[in-house]
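Topology and contacts: notes
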Amino acid sequence: MLNSSSKAICSRGFIPNIISVRYRRVNVQKPRKPDHYRAVIETISIPKYPWPKPSDMPWSERCPKPFSKAFKQIENNPYENILAKELRELFEQSAMVAIFHKNPVKGEIDFKTKKTFKMAGMEHVVYGKSTLNLALADTNYAAVLDLFQSHSSIVFSSTSQVPKLLKITKKMPHLILLATIIDGKLLSKNQTIEYGNLVNIDNARAALIGVIQQVNNRCLQTIGQTQLTMVRYLEQYGKSLDINTEKKSTEESD
């Protein structure tokens, strides 16, 4: 079926309109004078005072924005103080703290991430930079504040379970591990991976005890070797004395 435009073109009474278009360059050197309305608008919009040149202005007036930020007073927020106190307690009570860079994701993925960490015995939280500065400014954890420059998130755990943490983060590409705090020590990403590849602490202790026992046995063997050789020599000397006494007794009897 033909549409209305094709029907109009195919009809006998259709007469095309010819529009002449002039292609010429605009005269930039001698432009045409604007009409009366445009001339009035341009006249009204002329600034009364000239714009100041930055080169003629003093340094204190060229960029007033940093000065306004420097002298800006931050109001004390009671709710932020409560959050900072809770955050400081989490840092002090947790055996493992992992700091991640968080890429923007959908809310559904964010919810699954928190659920996965919660089922693994961890807590995934997100705090603002001002709250972090308020919580960790005067503590031993102030060195980690340089890591919170953009979107960041923190994972807290009451036990040190680094292998499980690394296994979970492999399935979450939107979380990039920056550093960890394990037993009060700050570790980088590579150090955390090396720490996670270590054997279990119980197995390491059992291996250490086995090595200590081997060294103890070797020391006892080396110390007692001289005593054993001396006892052997004394036994041989005693046997030689018995043989000599027997020979003398037989000779005297003869």
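The structure contained in this document is the topic of the report that follows. (Residues numbered from 1 in each chain as written. Predicted model: local features only at pLDDT ≥ 70, side-chain atom pairs only at ≥ 80, totals over all residues. Heavy atoms only, no water.)

**What to know about the environment of Ile-176**
Test applied: For helices the rule is a DSSP run of H or I covering at least 4 residues; for strands it is a run of E covering at least 2, with both sets numbered from the N terminus onward. Burial classes: relative accessible area under 20% of the type maximum marks a residue as buried, over 50% as exposed, and values in between as partly exposed (1.4 Å probe, protein chains only).
Take Ile-176: it is sitting in strand 4 (residues 175-182). Given a relative accessible area of 36%, Ile-176 falls into the partly exposed group.

**Looking at the packing of helix 8 (residues 162-169) against helix 9 (residues 189-196)**
Heads up, the rule is: With axes taken as lines fitted to C-alpha atoms, and helix axes fitted only over the stretch in contact, angles between N-to-C directions fall between 0 and 180 degrees. With the far helix as reference, a near helix turned anticlockwise by less than a right angle produces a left-handed crossing, and one turned clockwise produces a right-handed crossing. Note on definitions: a residue-residue contact is assigned when non-hydrogen atoms from the two residues lie within 4.5 Å. Three residue categories are used. Nonpolar comprises Ala, Val, Leu, Ile, Met, Phe, Trp, Tyr, Cys and Pro, charged comprises Asp, Glu, Lys and Arg, and polar comprises the others, including Gly.
For the pair helix 8 and helix 9, interaxial distance at closest approach is 8 Å and the crossing angle is 120 degrees. The element helix 8 and its partner helix 9 pack so that their crossing is left-handed. Contact residues: Val-162, Pro-163 and Leu-166 in helix 8; Thr-192, Ile-193, Tyr-195 and Gly-196 in helix 9. Broken down by class, the residue content of the contact of helix 8 with helix 9 amounts to 5 nonpolar, 2 polar and no charged.

**Quick notes on helix 7 (residues 129-136)**
Put simply, the test is: This arc is built from the directions going out from the helix axis to the C-beta atoms.
Within helix 7, burial applies to Thr-131, Leu-132, Ala-135 and Leu-136. Along the axis of helix 7, the buried positions cluster into a sector of 105 degrees, meaning they face one direction only. Those residues of helix 7 that are buried lie in contact with helix 5 (78-93) and strand 3 (152-157).

**Things to note about the sheet that holds strand 3**
In plain terms, the rule: In this description, strands pair whenever DSSP reports at least two bridges between them.
If you walk across this open sheet you meet the 5 strands as 2-3-1-4-5, and the pairing is antiparallel. In this open sheet, the two edge strands, each paired with only one partner strand, are strand 2 (122-125) and strand 5 (185-188). Strand after strand, the sheet turns through a mean of 25 degrees between neighbouring axes, direction not considered. Two strands pair when backbone bridges link them, and strand 4 and strand 5 are joined in this way by 4 bridges, in the antiparallel orientation. When the sheet's bridge partners are listed, Thr-180 is paired in strand 5 with Leu-187. In the packing of helix 6 (residues 107-119) onto the sheet, contacts are made with strand 1 (96-102), strand 2, strand 3 and strand 4, and the angle to strand 2 comes to roughly 155 degrees.

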